[in-house]
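Structure assessment
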Amino acid sequence: MSADDRLAILDQIGRYSYAWDGKDSDAYAALFTEDAVFEVFTRGDEPVIHNAGREAIRRWARATHSGEEPGLRHHPPDEQTRHNQSGTVFDKLGEDSAHTRTMLLSARQAPGDVIPIPSTTGVYRDEWRRTPEGWRIARRSLRIDTPRAR
């Protein structure tokens, strides 16, 4: 994998944040392969959100952006989110595939909120595939940080 490939994947990670926070479900879905999986885990090995296929991911994003999908937390459509992704590391590198981990700190701000409120932290584990359109996410799994029992 070349440095250009790494930069292309990092660019896609940035586009992910802009597409989600801009409520652009089509641009968001375009970041994934046709057979992609998007899932979210809180505790354990069973996802609380699981979407298989680009079209299912698009429908879920559209419903979440419009406030129709309750998800883990209700997201009012007039609420602004900011997905800050950082600390990306490349765990596996191949000519046509890669695995990355990226930290997430997400904040939200509703009308009337004076400042953004941190809402989610976790780690994305991504599987990437080179396609004719460029690098796309084949699987994105978010493990949300949860407090540990004392």
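To be clear, the structure that these remarks concern was listed above.
1. A few points about the overall build of the protein chain
Helix and strand counts for the protein chain stand at 3 helices and 6 strands. Listing every helix and strand of the protein chain by position from the N terminus yields α-α-β-β-α-β-β-β-β. Computed over the C-alpha atoms, the radius of gyration of the protein chain is 15 Å, within 12% of the 15 Å expected from 2.2 N^0.38 for a compact globule of 150 residues. Expressed as lengths along the three principal axes of its C-alpha atoms, the size of the protein chain is roughly 45 × 40 × 30 Å. The buried share of the protein chain, reckoned over its 150 residues, is 42%. Once local pairs closer than 6 in sequence are excluded, the contacts in the protein chain between residues at least 24 apart make up 52%. For the protein chain, the accessible area works out to roughly 8,600 Å², and carbon and sulfur atoms hold 51% of it.

2. So, the sheet that holds strand β5 (residues 117-131)
The strand order across the open sheet built from 6 strands is β2-β1-β6-β5-β4-β3, with neighbouring strands paired in mixed fashion. For this open sheet the edge positions go to β2 (49-52) and β3 (80-93), each flanked by a neighbour on one side alone. Here the average twist between neighbouring strands, direction ignored, is 20°. Here β3 runs beside strand β4 (residues 97-109); their pairing, made up of 11 bridges, is antiparallel. Opposite His83, over in β4, you have Ser106 as the bridge partner. The sheet contacts of helix α1 (residues 3-21) involve β1 (32-41), β3, β4, β5 and β6 (134-144), and relative to β3 the element is tilted by about 160°. Sheet strands touched by helix α3 (residues 54-66): β1 and β2. Its angle to β1, the strand with the most contacts, is close to 50°.

3. A closer look at the nonpolar core
One finds Ile9, Tyr16, Tyr28, Phe32, Phe38, Trp60 and Trp128 to be the most contacted residues of the largest nonpolar core, which totals 24 residues. Broken down by secondary-structure element, the contributors of at least two residues to this core are α1, β1, α3, β4, β5 and β6. It is α1 that contributes the most residues to this core, 5 residues altogether.

4. Thoughts on α3
Under the 1.5 Å per step criterion, the end-to-end length of α3 is 18 Å for 13 residues, consistent within 8% with the ideal 18 Å. Turning to α3, its buried residues number three or more, namely Arg54, Ala56, Ile57, Arg58, Trp60, Ala61, Ala63, Thr64 and His65. In this structure, the buried residues of α3 make contact with α1, α2 (25-29), β1 and β2. Of the residues trailing α3, Gly67 is marked for its positive phi of about 90°.

Cut-off values and rules
The numbering scheme is per chain: residues are counted from 1 as the chain's sequence reads. In view of the model being predicted, local features appear only for residues whose pLDDT reaches at least 70, and side-chain atom pairs are presented and counted only at 80 or more, with totals across whole chains, interfaces and linings using the full set of residues. Hydrogens and waters are ignored; side-chain quantities use all the structure's heavy atoms. Here a strand is any run of E in DSSP of at least two residues, a helix any run of H or I of at least four, and the numbering for each starts at the N terminus. Both definitions apply: the radius of gyration is a C-alpha atom measure, and the globule rule equals 2.2 Å times residues to the power 0.38. Buried residues are those whose accessible area, probed at 1.4 Å on protein chains only, stays under 20% of the maximum for their type, while exposed residues exceed 50% and partly exposed ones sit between those limits. Between two residues, a contact is recorded if the distance between any of their heavy atoms is within 4.5 Å. Per-residue accessibility takes into account occlusion by the displayed protein chains alone, with areas from the Shrake-Rupley method and a 1.4 Å probe. We treat two strands as partners when DSSP finds at least two bridges between them. A fitted line through C-alpha atoms serves as each axis, taken over the contacting stretch for helices, and the angle formed by two N-to-C directions is quoted from 0 to 180°. Buried Ala, Val, Leu, Ile, Met, Phe, Trp, Tyr and Cys residues form a nonpolar core when they are joined through side-chain atoms within 4.5 Å. Working rule for helices: expected span equals 1.5 Å times residues minus one.

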